[in-house]
Amino acid sequence: MSRPLEESPYAFTVPALVEAVSAARERVVGRARRLGLATDGELTHDLRLLTGELVANAVTHTQAACVVCVRWTGERIRVEVSDVDPTPVTLSRVLPTDEHGRGLSLVAAMATAWGSQPCPSGKTTWFELAVPVAGETTVIVGTLGGEVPADQVAALALSRDLAAVSVPTPLSSLQRVDGDE
């Protein structure tokens, strides 16, 4: 077995454009495939959806670029999104008529684990998904097709403090709004 991704993170910068969210989702899924992870339909869907939520939140609320980092922990794929806003993320209560505000609830419901912690440049919000490994995992160290290891991304330093771990919230335990069946 080759070195785990934890020792060689993959990171890239996403410009401050909502239009860049789709490409960020595809880069994360592509990275999972190159790591040899079993990217079946469900995993691919979940990676796209959750990555899209965190990246869209970062670029929408900060109007600045963010950095996405993908790690393989040996059991889970971890996606971190670092942005320049130091305000911690929190789950918000939304009304059925609200057009926005459900993204973190989706992350909390679908991710194996998720959280947010301060980092030197703002905050890092992350999620992890447990995935099966499809055969041997190969990690390529260095650059490949424009991919840059995280230690070369100077724009945002990624914090490794895992003290802000949050347990996923089952959908059944989310508060209901009156009249919402």
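### Here's the deal with the pattern of salt bridges
And then number 1: In this structure the tally under the stated criterion is 6 salt bridges.
And then number 2: In this structure, the salt-bridge partner of Glu-80 is Arg-71, at a minimum N-O distance of 3.6 Å.
And then number 3: A salt bridge links Glu-80 to Arg-78; its shortest N-O distance comes to 2.8 Å. With respect to class, Glu-80 is no different from Arg-78; both count as buried.
And then number 4: Counted as one network, the salt bridges with shared partners bring together Arg-71, Arg-76, Arg-78, Glu-80 and Glu-128.

### Quick word on the packing of aromatic side chains
And then number 1: Scanning all chains against the criterion turns up 1 aromatic pair.
And then number 2: A centroid spacing of 5.6 Å and a plane angle of 45 degrees characterise the contact between Tyr-10 and Phe-12, whose relative ring orientation is tilted. The residues Tyr-10 and Phe-12 share a single accessibility class, namely buried.
And then number 3: The cationic tip of Arg-27 hangs over the ring face of Phe-12; the distance from NZ or CZ to the ring centre is 4.3 Å.

### Some remarks on the side chain of Asp-46
And then number 1: When you line up the elements, Asp-46 lands in helix α2 (residues 41–62).
And then number 2: Within the buried core, Asp-46 has no salt-bridge partner, and the shortest N-O distance to an opposite charge, that of Arg-48, equals 10 Å.
And then number 3: With residues up to four places along the chain from it excluded, the contact list for Asp-46 reads Thr-51, Met-110 and Leu-129.

### Brief notes about the layout of surface pockets
And then number 1: Its boundaries defined by the atoms lining it, the largest pocket holds a volume of some 630 Å³.
And then number 2: Residue lining of the largest pocket: 27 residues in total, with Glu-53, Asn-57, His-61, Gly-101 and Leu-104 positioned closest to the centre.
And then number 3: Mapped by element, the contributors of at least two residues to the lining of the largest pocket are α2, β3 (76–83), α3 (103–110) and β5 (122–130).
And then number 4: Residue composition of the lining of the largest pocket, by class: 9 nonpolar, 12 polar and 6 charged.

### Describing the environment of Arg-27
And then number 1: Locating Arg-27 in the fold gives a position in helix α1 (residues 21–34).
And then number 2: It is 10.0 Å that separates the C-alpha atoms of Arg-27 and Thr-51, two residues lying 24 residues apart in sequence.

### Remarks on the pairing of β5
And then number 1: The buried fraction of β5 amounts to 8 of the 9 residues, a majority that puts the element mostly inside the structure.
And then number 2: Where β3 lies against β5, 8 bridges are found, and the strand directions are antiparallel. By the bridge assignment, Arg-78 is partnered in β5 with Glu-128.
And then number 3: Relative to β5, strand β4 (residues 113–119) is paired through 7 bridges, and the arrangement is antiparallel.

### A short note on the nonpolar core
And then number 1: By size, the foremost hydrophobic cluster in this structure holds 33 residues, and its most contacted members are Val-14, Leu-47, Val-55, Val-68, Ile-77, Phe-127 and Leu-129.
And then number 2: At the level of secondary structure, the elements contributing two or more residues to this core comprise β1 (10–14), α1, α2, β2 (66–72), β3, α3 and β5.
And then number 3: Residue contributions to this core peak at 7 residues, all from α2.
And then number 4: Contact partners of Val-55, with chain neighbours within four places excluded, come to Val-14, Val-21, Ala-24, Cys-66, Val-68 and Val-81.

### Topic: the packing of α2 against α3
And then number 1: Interaxial distance between α2 and α3 falls to 9 Å at its minimum, and their mutual angle equals 145 degrees. Every pair of crossing elements has a handedness; the one defined by α2 and α3 is left-handed. Seen from α2, the contacting residues are His-45, Asp-46, Leu-49, Leu-50, Glu-53, Leu-54 and Asn-57; seen from α3, they are Gly-103, Leu-104, Leu-106, Val-107 and Met-110.
And then number 2: When its residues are assigned to classes, the contact of α2 with α3 shows 7 nonpolar, 3 polar and 2 charged.

Scoring rules and cut-offs
- Residues numbered from 1 in each chain as written.
- Predicted model: local features only at pLDDT ≥ 70, side-chain atom pairs only at ≥ 80, totals over all residues.
- Heavy atoms only, no water.
- Salt bridge = Lys/Arg side-chain N within 4 Å of Asp/Glu carboxyl O.
- Buried < 20%, exposed > 50% of the residue type's maximum accessible area, 1.4 Å probe, protein only.
- Phe/Tyr/Trp six-rings, centres within 6.5 Å; stacked < 30°, edge-to-face > 60°.
- Lys NZ or Arg CZ within 6 Å of the ring centre and 35° of its normal.
- Helix = DSSP H or I, 4+ residues; strand = E, 2+ residues; numbered from the N terminus.
- Lys, Arg positive; Asp, Glu negative; His and termini not counted.
- Contact = heavy atoms within 4.5 Å.
- 1 Å grid on protein atoms, 1.4 Å probe; cavity = no way out; pocket = protein on both sides within 12 Å on 5 of 7 lines; lining within 4 Å.
- Points joined across faces, edges and corners; volume = space filled by probe spheres on them.
- Nonpolar A, V, L, I, M, F, W, Y, C, P; charged D, E, K, R; others polar.
- Pairing = 2+ DSSP bridges.
- Core = buried A, V, L, I, M, F, W, Y, C linked by side-chain atoms within 4.5 Å.
- Axes fitted to C-alpha atoms, helices over the stretch in contact; angles between N-to-C directions.
- Left-handed = near helix turned anticlockwise from the far one by under 90°.

Don't take any of this as a statement about function, it's just geometry.
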